[in-house]
Amino acid sequence: MSATFVGMPAFPTAAREALGNAQQRRNLRHATHTIRDKRARVVAEVDDWEELRVAGAAIKDHVLTHLDTYLEQLEESLTRAGATVHWASDAAEANRIVVDLVRATGSQEVVKVKSMATQEIELNEALEAAGIDAWETDLAELIVQLGHDRPSHILVPAIHRNRAEIREIFLREMGAVGEPAPAGLTSEPRELAEAARTHLREKFLRAKVAISGANFAVAETGTLVVVESEGNGRMCLTLPETLISVVGIEKVLPTVADLEVMLQLLPRSSTGERMNPYTSMWTGVTPGDGPQDVHVVLLDNGRTSALADDLDRQALRCIRCSACLNVCPVYERVGGHAYGSVYPGPIGAVLNPLIRGTSSAVDKSLPYASSLCGACFDACPVRIQIPDLLVRLRTRVVDEKRGGLPSGEEIAMKGMAWVLGDADRLERAQKGSELGGRLLRRRTSLGRLPGPLSAWTDARDAPTPPEETFRTWWKRERG
Amino acid sequence: MRVALFATCFNDTMWPETPRAVVTILERLGCTVEFPLEQTCCGQMLTNTGYAREAVGLVERFADVFEPYDAVVAPSGSCVGSVRHQHAGVARDCGRPDLALRASAGAGKVHELSEFLVDVLGVTDVGAAFPHRVTYHPTCHSLRMLRVGDKPLQLLRAVRGIDLVELPGAEECCGFGGTFALKNADTSVAMGSDKAAHVRATGAEVLVAGDNSCLAHVGGLLDRQRAGVRVMHLAEVLASTEVDRAQSHEPGATGRGQR
Ligand code: SF4
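Residues numbered from 1 in each chain as written. Chains lettered and ligands numbered in written order. Predicted model: local features only at pLDDT ≥ 70, side-chain atom pairs only at ≥ 80, totals over all residues. Heavy atoms only, no water.

Student: Even after reading the chapter, I still don't get the overall build of chain A, so can you show me in this structure?
Tutor: Secondary structure assignment for chain A yields 23 helices and 12 strands. Counting only C-alpha atoms, chain A reaches 90 × 55 × 50 Å along its principal axes. For chain A, the proportion of its 479 residues judged to be buried stands at 57%. Taking the contacts inside chain A whose residues are at least 6 apart along the sequence as the reference set, 74% of them involve residues at least 24 apart. Accessible surface, chain A as shown: approximately 19,600 Å² in total, 53% of it carbon and sulfur. Distance from the positive charge centre (57 side chains) to the negative charge centre (64 side chains) of chain A: 9 Å. (Helix = DSSP H or I, 4+ residues; strand = E, 2+ residues; numbered from the N terminus. Buried < 20%, exposed > 50% of the residue type's maximum accessible area, 1.4 Å probe, protein only. Contact = heavy atoms within 4.5 Å. Areas by Shrake-Rupley, 256 points an atom, 1.4 Å probe, with all protein chains shown as cover. Lys, Arg positive; Asp, Glu negative; His and termini not counted. Charge placed at Lys NZ, Arg CZ, Asp CG, Glu CD.)

The following block contains the structure:
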């Protein structure tokens, strides 16, 4: 499996392959249901959960409608606190900035805190091309990196793997890049964690440069916040001399007080915990304590294109908790890879087309990768109306295709709109279905049908039409 | 009370027994039911496939046809969901703020069947009898768009003779999703197979829901499996009475009721 998502096929094609992977289906079902249930339990404990969601959405909306102001304030605060701020309009620019910063330190390697923004810009690949080793230190990221795999979940990037697979990866790969796994390693979670800990400790103690993202960036103070579970982040954020953080511009919050809301919403939605084990906050440079060379790269990479529209803007409220993935019936069965992005699941189906555009096959197909069941909205701590955004993106995909040679779908939809545009036309069309109903009178349902209808009947029987529509009955009985 | 029935194009054409059942129930409860013949479709299929420009004409038609009525009832959670939750947005996105206002103003009086019975008429016992083992699937749009909650279950619990069993994983989507069932047929079937397995695990002979489209999907899977489970719209169960049973053979003994 390749480490990047370039050239991914459309969602249905990738999904078909993923659906056939029985081991992955089992792993995903188990993992998503476990987190889903945990989340439901800890959310139910909070009496004012709905108020918190509304507050979280309001804070984010306020920031997003005044983003320019808050970003300038954030830059000022960071600079005042001794950090250097860089602006990156796209992935290439962000990667260039980070590579140059690492080169300037003379270091050949960096340790990394799990970060979606750096995944998004494929920073590891850029560093590798520059001859710099990037070591992922989050356990699940480590599994993905060692397995030459791609992340399939925002929070648990190796959710598609089980313990036995992880043991194999550790035994096979760790030795090539550092401290090998102990020979007698079993698939006991404690042993696997210990092997990772030993492997990583060597890297933590040696590293001169760390790269992180941030969950939140407070404009008023210039404080960056990383929320994590394993303590690897804390190691990376405190031990090295240089700390470079790549932060999406939508991560800014006005004040420290806003963290009160966000830090209640995030852990419960994300890991299903009341509070996460490690919350690290740092404000620029503290002399004599922690990294003395602190950089923040503020990343746009398509975010501003979602900012213009009142409804699309909601997608930038996302705090990457992954609750929507865990409750999504499509994600549960297909997994993350078919979404062709580091952002899979419901939010990925919205965010990728919004920030990457709808030109590639996979991005055109993502808005349709949903049954619109609405479970994602109910779980989302910042109330993003994901189903509504998906429907609007579908309209965009269709509208962009208009004008050329019409597709079969366009002809069918236009024909349907014409028939339904007039009650007499509908009634004439219904005469045809009534005739079909009379011909098929003895059958209760239909088996395999040819042509496009086979998409329905390959696995499902099809209903037969009745001999009399409701309209005909009404006219006869009541008309 | 004068009530307009919005049959929905799908039910009108494919499942006439469902709107007929609505007429039966409402008249039994003393309502005068009208079926405005100019009605066609809410446009949901077009909207959800990305054809808002084609759907906006149907949004306007809906407003024209149903504006004169005080209450509109439809036996479909997802069509009512489209009217209440999508119509104004479709009009707005198509540059029709006038129509968006009309759609918003009219939305509140359009009810899904169980909402109308429980909230508007204040009835949970509609005088039905249905002595069968039944399980109920709450369809996503009635659950999460309309928030009908347990209203359908309140109605079912009051049915004489019914053996109502809980469906495991009831709130999970069945995988129909309109054109999703065709565009992402593999995923749709994977979801539906799990739903069908849950239905079979209950030992129910009848699967009931408030949307015939979802029932066609799960029912189609159950039929293909020759599972011996039939599907029925909530309205048809609520329309059944002891008199029906005495006069005819088993209601709904074949796949989709008596035709
Ligand atoms: S969209 Fe909402 S639920 Fe999904 S990851 Fe973002 S914040 Fe979490």
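Moving on from the coordinates now.
Student: How should I be thinking about a nonpolar patch on the surface in this particular structure?
Tutor: On the surface, a nonpolar cluster with roughly 280 Å² of combined accessible area is contributed by A:L205, A:M235 and A:L239. Position of A:M235 among the secondary structure elements: in helix α11 (residues 232-238). (Patch = residues over 30% accessible without salt bridge, like charges linked within 9 Å, V, L, I, M, F, W, Y side chains within 5 Å. Salt bridge = Lys/Arg side-chain N within 4 Å of Asp/Glu carboxyl O.)

Student: I keep staring at the interface of chain A and chain B and nothing clicks. Help me out?
Tutor: Often, the extent of an interface is quoted as the loss of accessible area upon association of its parts. Taken together, the contacts link 69 residues of chain A with 67 residues of chain B. Buried area between chain A and chain B, summed over both chains or domains, comes out near 5,900 Å², and the portion from carbon and sulfur atoms is 57%. Its largest share of buried area at the contact with chain B, chain A owes to A:M413, A:R460 and A:F470, together 12% of the area lost on that side. For the side of chain A that touches chain B, the per-class residue count stands at 30 nonpolar, 16 polar and 23 charged. (Buried area = accessible area lost by both parts, 1.4 Å probe. Nonpolar A, V, L, I, M, F, W, Y, C, P; charged D, E, K, R; others polar.)

Student: How should I be thinking about the UniProt feature "domain: Cysteine-rich" (unreviewed entry) in chain B in this particular structure?
Tutor: All names here are of chain B. Following the UniProt record, one finds the feature "domain: Cysteine-rich" (unreviewed entry) at residues 3-82 and 134-218. For residues 3-82, the end-to-end C-alpha separation is 20 Å, with 56% helix and 11% strand making up the annotated structure. Segment residues 134-218 splits into 49% helix and 12% strand. End C-alpha atoms: 15 Å apart. (UniProt positions renumbered as here; feature names shortened; annotations may be inferred.)

Student: Could you clarify how one ought to interpret the sheet that holds strand β1 (residues 2-5) of chain B in this entry?
Tutor: Working definition: the strands of a sheet are paired by backbone hydrogen bonds and lie parallel or antiparallel to each other. All names here are of chain B. Taken in spatial order, the four strands make up an open sheet running β2-β1-β3-β4, and their pairing is parallel. Both outer strands of the open sheet, β2 (32-34) and β4 (110-112), are each paired with one neighbouring strand and no more. Neighbouring strand axes in the sheet, compared pairwise and without regard to direction, differ in orientation by 35° on average. In this sheet, β2 lies alongside β1 in parallel orientation, the contact comprising three bridges. What sits directly across from V3, in β2, is V33. (Pairing = 2+ DSSP bridges. Axes fitted to C-alpha atoms, helices over the stretch in contact; angles between N-to-C directions.)

Student: What's the story with the side chain of A:S370 in this structure? I'm lost.
Tutor: With respect to the element layout, A:S370 can be found in the loop between α17 (361-365) and α18 (375-379). Judged by its relative accessible area of 13%, A:S370 falls in the buried class. Polar side-chain contacts of A:S370 include one of 2.8 Å to the backbone nitrogen of A:L372. Once residues within four sequence positions are removed from consideration, A:S370 is found in contact with A:V330, A:L390, A:R394 and B:F180. (Polar contact = N/O pair within 3.5 Å; in protein donor to acceptor, adjacent residues only side chain to side chain.)

Student: Help me understand the domain arrangement of chain B, please; the structure alone is not making it clear to me.
Tutor: All names here are of chain B. Taken domain by domain, chain B holds domain 1 (2-120) and domain 2 (133-239). One C-alpha centre belongs to domain 1, the other to domain 2, and the line joining them spans 22 Å. Listed per partner, the contact involves 29 residues of domain 1 and 22 residues of domain 2. At the boundary of domain 1 with domain 2, total buried surface from both sides reaches about 2,000 Å², with 67% on carbon and sulfur atoms. The interface formed by domain 1 and domain 2 includes one salt bridge. The shortest N-O distance in the salt bridge between K151 and D119 comes to 2.9 Å. In this assembly, domain 1 and domain 2 are joined by 11 residue pairs in polar contact (both at pLDDT 80 or more). (Domains from an automatic or database assignment.)

Student: So what exactly am I meant to see when it comes to the packing of aromatic side chains here?
Tutor: What describes a pair of aromatic rings is the distance from one ring centre to the other and the angle between the planes of the rings. Here the structure, examined in full by the defined rule, presents 11 aromatic pairs over all chains. When the centroid spacing of 6.5 Å and the interplanar angle of 35° are considered together, the rings of A:Y331 and A:Y339 count as tilted. For A:Y331, a relative accessible area of 0% translates into the label buried. With centroids separated by 5.7 Å and ring planes inclined at 50°, the aromatic side chains of A:W474 and B:F35 adopt a geometry described as tilted. (Phe/Tyr/Trp six-rings, centres within 6.5 Å; stacked < 30°, edge-to-face > 60°.)

Student: Explain the site of the ligand here, please?
Tutor: Lining the immediate surroundings of the ligand are 13 residues, of which A:C318, A:C321, A:S322, A:C324 and A:C380 lie closest. When the residues that make up the shell around the ligand are grouped by side-chain class, the tally is 11 nonpolar, one polar and one charged. (Near = heavy atom within 4 Å.)

Student: Just to check I follow, could you spell out unusual backbone geometry for this structure?
Tutor: A negative phi holds for most residues other than glycine; trans holds for most peptide bonds. Although it is not a glycine, A:R383 sits at a positive phi angle of roughly 50°. Locating A:R383 in the fold gives a position in the loop between α18 and α19 (386-401). In this structure, B:R147 is a non-glycine residue whose phi angle is positive, near 55°.

Student: For this particular structure, what's the right way to read the nonpolar core?
Tutor: Nonpolar side chains in soluble globular proteins tend to end up buried together. With 120 residues, the main nonpolar core has A:F11, A:F170 and A:F216 as its most contacted residues. Leave out the neighbours within four places in its chain, and A:F11 touches A:V330, A:V334, A:A338, A:Y339, A:V362, A:S365, A:L366, A:A369 and B:N184. Grouped together as the second largest cluster of nonpolar side chains are 38 residues, B:I25, B:V33, B:F130 and B:L238 included. (Core = buried A, V, L, I, M, F, W, Y, C linked by side-chain atoms within 4.5 Å.)

Student: Sorry, what's going on with the domain arrangement of chain A here?
Tutor: Considered domain by domain, chain A is made up of domain 1 (11-304) and domain 2 (413-478). Put simply, the middle of domain 1 of chain A and the middle of domain 2 of chain A, counted by C-alpha atoms, are 53 Å apart.

Student: Where do I start with the pattern of salt bridges in this structure?
Tutor: Between side chains of opposite charge, a pair can form when the charged atoms approach closely. All names here are of chain A. Across all of its chains, the model carries 54 salt bridges over all chains by this definition. The partner of R206 in a salt bridge is E202, and the shortest N-O contact between them spans 3.8 Å. Of this pair, R206 and E202 are both found in helix α10 (residues 189-206), four residues apart, which corresponds to roughly one turn of the helix. As a salt-bridge pair, E427 and K475 come within 2.8 Å of each other at their nearest N and O atoms.

Student: Looking at this structure, how should I read the environment of A:A219?
Tutor: Residue and element names in this part refer to chain A. One can find A219 in the loop between β5 (216-218) and β6 (223-228). A relative accessible area of 0% means that A219 is categorised as buried. C-alpha of A219 to C-alpha of V256: the two residues are 37 residues apart in sequence and 8.5 Å apart in space. When sequence neighbours within four positions are dropped, the list of residues in contact with A219 reads Y70, Q73, L74, S77, V252, L253 and P254.

Student: Whenever I open this one, the packing of helix α23 (residues 470-478) of chain A against helix α2 (residues 17-28) of chain B confuses me. Can you help?
Tutor: How two helices sit against one another is set out by the angle between their axes and by the gap between those axes. Look at α23(A) against α2(B): their axes get within 10 Å of each other, and the N-to-C directions meet at 45°. Taken together, the axis directions place α23(A) and α2(B) in an arrangement best described as oblique. Here α23(A) contributes A:F470, A:W473, A:W474 and A:R478 to the contact with α2(B), which in turn contributes B:P19, B:R20, B:V23 and B:E27. (Parallel < 35°, antiparallel > 145°, perpendicular 65-115°, else oblique.)

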